[in-house]
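Residue strings, one per chain:
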Amino acid sequence: MGEEIKISQEQIEQIINSVNSHTSESLNKLNSFESCFDNTGVLFKFSKLNRRIINLRKIAVLGAEGGTVFDYFIDKGIKKVNLYSANYVYDLATLVEQGTVLNLEVNAYSNFSVQVPLTSTERIKTPYYINDINTIDNEELNTPFITIGVSHSKLKNSAKYTFTDLFNYSRMKQFLLDKVLDKINSTNNKQKIIIFAFPPVESIKNPDEYEEKLKLNKLLPEDKYKRHLDSHYKVGYTNESELKKISVSFSTKKEGSVHLVNDMSTEHLNCVGGYRLTTNQPLKSDKTIYTFGFSTCFGQWCCDEYTLQSVLQRELNTYFGEQENQYSVLNCANGGIPNYHRQWNSFDFHNPQDNDITIFVCRECGYELIYENYKDKFIFIRPHSEVGMFDRPHNYGDIYTNDIHHFTPTGYKVMGEYLAKRMIELGVFEEKQDSNETQKQQTSIQNNTSVSGNPALTEYINSIKPNCPKIGSIVMNCNPFTLGHRYLIEESTKKVSQLIIFVVEEDKSFFPFKDRLELVKQGTKDLKNVTVVPSGGFIISQQTFGAYFEKGSIQEQKIDPTNDVTIFAEQIAPKLA
């Protein structure tokens, strides 16, 4: 057995007691776990010891409303879970205890075997043994692993879930998503709800020097402030004394259960009536787009004109026509670290109605898990991971500003424009119809009677139309992309000025659409006259050629692609020419 990690038993038991005793009354204080205070009010530094205590505080935050980091596995019906951490053995022991209470089979592993003297409760009366990761057999690697900190090389090919992702999944589930669903189901509310994920700087591929320093936390305050000023100078703001006021953190006031922003007025940052100002709002509107979130949603370090809400408002004014736009975008952000409890309180307070739209702005952390279990209940928009839009090289310039969460005005502009574009593409602004009417529309598309003049089709064509004399096209599923696909593409490029590759967008293949699209893009990036685009809803889709996706089960039957080919030949190809 390896040497035990030395840590004050009295100190660790105080934290464990807090995990078991905290209630929702202390939730707001606990949500500030990034500034963990001990019992004397002294701020913890991020040493290994105190990082363990911070993790235990996170567990306490979840426990305040009945959540655990095992919620995802419980939702999936998984009964056995393994844990791994190189050093934080008390985190492991606490989670083992929690899992045992939930009737899960939980085993813990570290870089060494250790006996942990736990606990402050009577549920597990004997010390718990944490196993050496090197003793695990290959079969056990197929069991899901929760990793705390850096993963061990032995877990390279196993089913891994990070503690942070699972923590974020549970927080959104317990404090926000389930409560929102309960509310709209109980009131038969038909509003559309969007989960919009801001990408963190850590997710950028090929980061520039500044972004690399951000990831490593090696930027000096003067570097950050210079970036802040430079980013505003680029969009035309030159009054440094006024720009400094944007850097001032906003404050909130609590009215009942909801936090509203305190009023303030400067040249570039204005809050009125509890809300950050959204510019270019229509004079008359009977529908509201509510945006709930944290400081990124608020527009921290950014002027009024370039917040996500202001950019979205201008895009919708252009789309509908400024005089016709009936949607006003309201900035309900309450700031601070990811506090989903506040978002729920704000949503409940504002009580959006059927014709309104709600946008919850969150981080990407845990997004895949949240999407997996809630994709049929909400509309998900994830700019970076969907299109890799911030991976370098790109033409957006400096996206992030003085820390890893907040954008420059250019960054907010790019995000707002993308949000508007996807909302339009996904039909967010179309009135909901009953199931019979929806079925009639789908049948109409399948019979090719209402495709001509379809605004969604027109917008799709305009988004992919190249400007060149001779255009060719290929429709490919690429499940996955192979050298055979590459050969066909190379031969086709010799015959046209520009080749459009339509990658089948329906997610009915073994490889997900986003992976197939990325494989084709990477596999053809050296071909200068190739454009890779999604096939959309009009090229080999469930509506236009549903039999294509059932060919494995109807091999003895003939399938008819006439409708799909006709739509392409009569409606799409002529407009690309």
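1. What about the overall build of the protein chain?
Then step 1. When helices and strands are tallied, the protein chain shows 21 helices and 19 strands.
Then step 2. Looking at the 577 residues of the protein chain, the share that counts as buried comes to 51%.
Then step 3. In the protein chain, the proportion of contacts linking residues at least 24 apart, taken out of those at least 6 apart, comes to 72%.
Then step 4. Surface summary for the protein chain: the accessible area is close to 27,600 Å², and the carbon and sulfur share equals 48%.

2. Topic: helix 12 (residues 340–350)
Then step 1. Of all eleven residues in helix 12, nine are buried, a share of seventy percent or more.
Then step 2. Listed in full, the buried residues belonging to helix 12 are Tyr 340, His 341, Arg 342, Gln 343, Trp 344, Asn 345, Ser 346, Phe 347 and His 350.

3. Thoughts on the confidence of the model for the protein chain
Then step 1. Mean pLDDT over the protein chain: 78, with 76% of residues reaching 70 or higher.
Then step 2. Every residue in residues 19–49 is under pLDDT 50, and counting partners more than four places away or in other chains gives 64 contacts.
Then step 3. Confidence drops under a pLDDT of 50 for residues 432–446, and excluding neighbours within four residues, the segment shows 17 contacts in the predicted structure.

4. Thoughts on helix 13 (residues 367–374)
Each turn of an α-helix holds 3.6 residues, which means side chains three or four residues apart point in the same direction.
Then step 1. Taken as a whole, helix 13 has its buried residues at Tyr 367, Leu 369, Ile 370 and Tyr 374. Buried residues of helix 13, viewed axially, fall in a sector of 165 degrees; they line one side.
Then step 2. In this structure, the buried side of helix 13 is in contact with helix 4 (71–76), strand 6 (160–162), helix 6 (163–186), strand 7 (192–198) and strand 16 (379–381).

5. Considerations on the pairing of strand 9 (residues 258–261)
A regular strand places its side chains so that they alternate between the two faces of the sheet.
Then step 1. Alternating positions in strand 9 separate into two faces, Val 258 and Leu 260 on one and His 259 and Val 261 on the other, with burial throughout.
Then step 2. Sheet topology note: the strand 8 (residues 252–255)/strand 9 ladder contains four bridges and is antiparallel. Paired with Lys 254 across the strands is His 259, a residue of strand 9.

6. So, the nonpolar core
Then step 1. By size, the foremost hydrophobic cluster in this structure holds 52 residues, and its most contacted members are Phe 70, Leu 83, Val 180 and Phe 378.
Then step 2. It is helix 6 that provides the largest number of residues to this core, a total of eleven residues.
Then step 3. Not counting chain neighbours up to four residues away, the residues in contact with Val 180 comprise Ile 193, Trp 344, Phe 347, Phe 360 and Phe 378.
Then step 4. Ranked by size, the runner-up nonpolar core spans 46 residues in total, among them Ile 194, Ile 289, Leu 312 and Tyr 418.

7. Here we look at unusual backbone geometry
Then step 1. With an omega dihedral of 5 degrees, the bond running from Arg 392 to Pro 393 counts as a cis peptide bond.
Then step 2. Inspection of the secondary structure assignment puts Pro 393 in the loop between helix 14 (383–387) and helix 15 (409–425).
Then step 3. Looking along the chain, the bond that leaves Asn 479 and enters Pro 480 is cis, with omega of 5 degrees.
Then step 4. Relative to the elements of secondary structure, Pro 480 occurs in the loop between strand 17 (471–476) and helix 18 (483–493).
Then step 5. Phi at Asn 188 takes a positive value of approximately 55 degrees, unusual for a residue other than glycine.
Then step 6. Within the fold, Asn 188 resides in the loop between helix 6 and strand 7.
Then step 7. Residues other than glycine seldom take positive phi values, yet Asn 280 does so here, at roughly 65 degrees.
Then step 8. By the element assignment, Asn 280 lies in the loop between strand 12 (275–276) and strand 13 (287–292).

8. A closer look at the side chain of Thr 278
Then step 1. Examined against the element boundaries, Thr 278 turns out to sit in the loop between strand 12 and strand 13.
Then step 2. Looking at Thr 278, its side chain comes within polar contact range of the main-chain oxygen of Val 329, at 3.1 Å.
Then step 3. Apart from the residues lying within four places of it in its own chain, the contact partners of Thr 278 are Gln 309, Ser 310, Gln 313, Val 329 and Asn 331.

9. Some remarks on the packing of aromatic side chains
Then step 1. The tally for this structure, following the rule as stated, stands at 27 aromatic pairs.
Then step 2. Arranged with centres 6.1 Å apart and planes meeting at 75 degrees, the rings of Phe 292 and Phe 347 form a pair that is edge-to-face. Here Phe 347 lies in helix 12 and Phe 292 lies in strand 13, a separation of 55 residues in the sequence.
Then step 3. Owing to a relative accessible area of 0%, Phe 347 belongs among the buried residues under this scheme.
Then step 4. Summarising the aromatic geometry, the rings of Phe 294 and Tyr 340 are spaced 5.4 Å apart at their centres and angled 70 degrees between planes, so their arrangement reads as edge-to-face. Here Tyr 340 lies in helix 12 and Phe 294 lies in the loop between strand 13 and helix 10 (295–298), a separation of 46 residues in the sequence.
Then step 5. Overall, Phe 294 belongs to the buried group, its relative accessible area being 5%.

Criteria and cut-off values
Residues numbered from 1 in each chain as written. Predicted model: local features only at pLDDT ≥ 70, side-chain atom pairs only at ≥ 80, totals over all residues. Heavy atoms only, no water. Helix = DSSP H or I, 4+ residues; strand = E, 2+ residues; numbered from the N terminus. Buried < 20%, exposed > 50% of the residue type's maximum accessible area, 1.4 Å probe, protein only. Contact = heavy atoms within 4.5 Å. Areas by Shrake-Rupley, 256 points an atom, 1.4 Å probe, with all protein chains shown as cover. pLDDT = per-residue confidence, 0-100. Arc of directions from axis to C-beta. Pairing = 2+ DSSP bridges. Core = buried A, V, L, I, M, F, W, Y, C linked by side-chain atoms within 4.5 Å. Polar contact = N/O pair within 3.5 Å; in protein donor to acceptor, adjacent residues only side chain to side chain. Phe/Tyr/Trp six-rings, centres within 6.5 Å; stacked < 30°, edge-to-face > 60°.

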